[in-house]
Amino acid sequence: HNATTPSVSPGAIGWPTTAVEASELSVPAILNGIRSGRTFIDLTASRDNTLDFEAESGGITAKMGGTLRVADDARIQVTIHVAAAQESTVHLLLDGEESSANPAMPLENADAKKSTTLTTSHGRHWLRVEVRNNKGENELISSPLYINFSEQ
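Parameters at a glance
- Residue indices follow the written sequence of each chain, beginning from 1 at its first position.
- pLDDT decides what is reported in this predicted model: residues at 70 or higher carry local features, side-chain atom pairs at 80 or more are listed and counted, and totals for whole chains, interfaces and linings draw on all residues regardless.
- Heavy atoms from the whole structure form the basis of all side-chain values; hydrogens and water molecules are not counted.
- Strands are runs of DSSP state E lasting at least two residues, helices are runs of H or I lasting at least four, and both sets are numbered from the N terminus onward.
- Burial classes follow relative accessibility: with a 1.4 Å probe on protein chains only, a residue under 20% of its type's maximum area counts as buried, one over 50% as exposed, and anything between as partly exposed.
- Two residues qualify as a contact provided that any one of their heavy atoms is within 4.5 Å of a heavy atom in the partner residue.
- We define a polar contact as two N or O atoms separated by no more than 3.5 Å, with the added condition that, inside protein, one atom must be a possible hydrogen donor and the other a possible acceptor, whereas residues neighbouring each other in sequence contribute only through side-chain atom pairs.
- For the purposes of this section, nonpolar cores are sets of buried Ala, Val, Leu, Ile, Met, Phe, Trp, Tyr and Cys residues that join through side-chain atoms within 4.5 Å.
- Think of it this way: DSSP has to see at least two bridges between two strands before they count as a pair.
- Comment: axis = line fitted to C-alpha atoms, over the contacting stretch for helices; angle = value between 0 and 180 degrees taken between N-to-C directions.

What exactly am I supposed to notice about the environment of Glu21 here?
Tracing the chain through its elements places Glu21 in the loop between strand E1 (17-20) and helix H1 (27-35). On the accessibility criterion, Glu21 (44% relative accessible area) is partly exposed. Along the backbone, Glu21 and Thr5 are 16 residues apart, and their C-alpha atoms lie at a distance of 27 Å. Beyond its immediate stretch of four places on either side in the chain, Glu21 contacts Gly33, Arg38 and Asp52. Of note is the side chain of Glu21, whose polar atom sits 2.7 Å from the side chain of Arg38.

Structure representation (structure tokens):
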């Protein structure tokens, strides 16, 4: 960030922004939110965008930043919540890659929930969500959700 850059320009203070879900506005709560992976990056400096997602398999749910344990070839239901990014598209990435099995999902409304199902191969994986504008530029980037990783 550059303090001398005008606030409406990329690279200015607050652009991009790391949004943190915290139980209260305090340093310990914010640090806990960061450690828990309850964060996303807002590349638009909008101050009103929201991005969150969770995955469920076999009755067990994990939120962005968490770890989900799944059996081999288990179906994973992913639910993504995005606010204030209408006319953009949601992209679900598995291990950093998009798949034709999970195409981009358009956001028609200012407050949208999108769901998709995927199956992973054996081993450890990670999911991430990106929201892109109509030019294909990233607007929001989630923290990952881990699959079959050891919790720390």
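Now that the structure has been shown, we can carry on.
Before we go on, may I ask you to explain unusual backbone geometry in this structure?
Phi is mostly negative for residues that are not glycine, and the peptide bonds are mostly trans. At Asp73, a position not held by glycine, the phi torsion is positive, near 60°. Mapped onto the fold, Asp73 is located in the loop between strand E5 (67-68) and strand E6 (75-83). Relative accessible area serves as the criterion here: at 58%, Asp73 is assigned to the exposed category. In this model, Asp95 sits at a positive phi of 55°, which is unusual for a non-glycine residue. Residue placement: Asp95 occurs in the loop between strand E7 (89-94) and strand E8 (105-106).

Looking at this model, I keep getting lost on the nonpolar core. Mind explaining?
Most often, soluble globular proteins have nonpolar side chains that are buried together. Core analysis: the largest hydrophobic core is formed by 26 residues, its most contacted members being Val78, Ile80, Val82 and Leu127. When residues of this core are assigned to their parent elements, the largest contribution, 4 residues, is made by E6.

I'm lost on the sheet that holds strand E3 (residues 50-57) in this one. Help?
Whether parallel or antiparallel, the strands of a sheet pair through hydrogen bonds between backbone atoms. The strand order E4-E3-E6-E9 describes an open sheet built from 4 strands, whose pairing is antiparallel. A single partner strand is all that each edge strand has here, and the edge strands are strand E4 (60-63) and strand E9 (111-119). Averaged over all neighbouring strand pairs, the angle between strand axes comes to 20°, with direction disregarded. Two strands pair when backbone bridges link them, and E3 and E6 are joined in this way by 7 bridges, in the antiparallel orientation. Residue Thr50 lies in a different strand from E6, and its bridge partner there is Ala83.

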